[in-house]
Amino acid sequence: MAVPKIWRKIPEYYNLIGRRCSDCQEFYFPGREVCVKCGSSNLNEQKFLGKGKIVTYTIIRTPFTDPEGEITEVSCRRIPYALAIIQLDEGPMLTAEIVDCSFEDIEIGKKVEVVFRKILEKGEKGVIQYGYKFKIVR
Ligand SMILES: [Zn+2]
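These notes cover the structure that comes with them.

About the thresholds
- Residues numbered from 1 in each chain as written.
- Predicted model: local features only at pLDDT ≥ 70, side-chain atom pairs only at ≥ 80, totals over all residues.
- Heavy atoms only, no water.
- Helix = DSSP H or I, 4+ residues; strand = E, 2+ residues; numbered from the N terminus.
- Buried < 20%, exposed > 50% of the residue type's maximum accessible area, 1.4 Å probe, protein only.
- Contact = heavy atoms within 4.5 Å.
- Areas by Shrake-Rupley, 256 points an atom, 1.4 Å probe, with all protein chains shown as cover.
- Donors = N, O, S within 2.8 Å, 3.2 Å for Na, K, Ca; no water.
- Tetrahedral: all angles 85-135°; square planar, octahedral: opposite > 155°, others 65-115°.
- Salt bridge = Lys/Arg side-chain N within 4 Å of Asp/Glu carboxyl O.
- Pairing = 2+ DSSP bridges.

## With respect to the overall build of the chain
Scanning the chain from N- to C-terminus turns up two helices and eight strands. Shown N-terminal to C-terminal, the secondary structure of the chain runs as helices and strands in the order α-α-β-β-β-β-β-β-β-β. Buried positions account for 28% of the 138 residues belonging to the chain. The long-range fraction of contacts in the chain, counting pairs at least 24 apart against all pairs at least 6 apart in sequence, stands at 48%. Summed over all atoms, the accessible surface of the chain reaches about 9,400 Å², with 52% contributed by carbon and sulfur.

## Description of the coordination of the zinc ion
Cys-21 (SG), Cys-24 (SG), Cys-35 (SG) and Cys-38 (SG) make up the full set of protein donors to the zinc ion, lying at 2.3 Å. Around the zinc ion sit four donor atoms; with metal-centred angles ranging over 104 to 115 degrees, the donor geometry is tetrahedral. The motif formed by the donor residues of the zinc ion, counted along the single chain, is C-x2-C-x10-C-x2-C. In this pair, Cys-24 is assigned in the loop between strand E1 (17-21) and strand E2 (27-28) and Cys-38 in the loop between E2 and strand E3 (43-47), connecting sequence segments 14 residues apart. Residue Cys-38 is classed as partly exposed on the basis of its relative accessible area of 39%.

## Some thoughts on the pattern of salt bridges
Under the defined criterion, the tally for this structure stands at seven salt bridges. With a shortest N-O distance of 2.9 Å, Lys-51 and Glu-113 are connected by a salt bridge. Note that Lys-51 is positioned in strand E4 (residues 51-60) and Glu-113 in strand E7 (residues 111-122), a separation of 62 residues in sequence. Taking relative accessible area as the criterion, Lys-51 reaches 40% and is therefore assigned partly exposed. Between Lys-135 and Glu-113 there is a salt bridge whose closest N-O contact spans 3.8 Å.

## Quick notes on the sheet that holds E2
Across the sheet, three strands lie side by side as E2-E1-E3; this open sheet has antiparallel pairing. Of all the strands in the sheet, the pair left with one neighbour each is E2 and E3.

Below you can see the structure in the form of structure tokens.
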């Protein structure tokens, strides 16, 4: 019996996959086709360990809206939430929500690690999308 496509793709959703330049060893997340540092197109898939630190953060208290004032899909999370710029131990920076703590626990420089959570759920059929978020390492 064939395994449904959504289940076969889960390993990708549950891993932080980017690229690493084979020539100068620079890391990229998300992955790129050409290395910005050396111009090489010799980049290989790279799985990141998912550990890093908070570079800066903000607390989002107002939902994003489209020009008609409708709350957009990406903002369909519980308000307020903490959004941080995180530098992975390998070097690349990304933006992600910080979860599983109170806002008072969040500080610049604190160590974080990736967790995979539901990002959004839409429609009556309940299409659920998963993605990465980060939690503070205690
Ligand atoms: Zn390079």
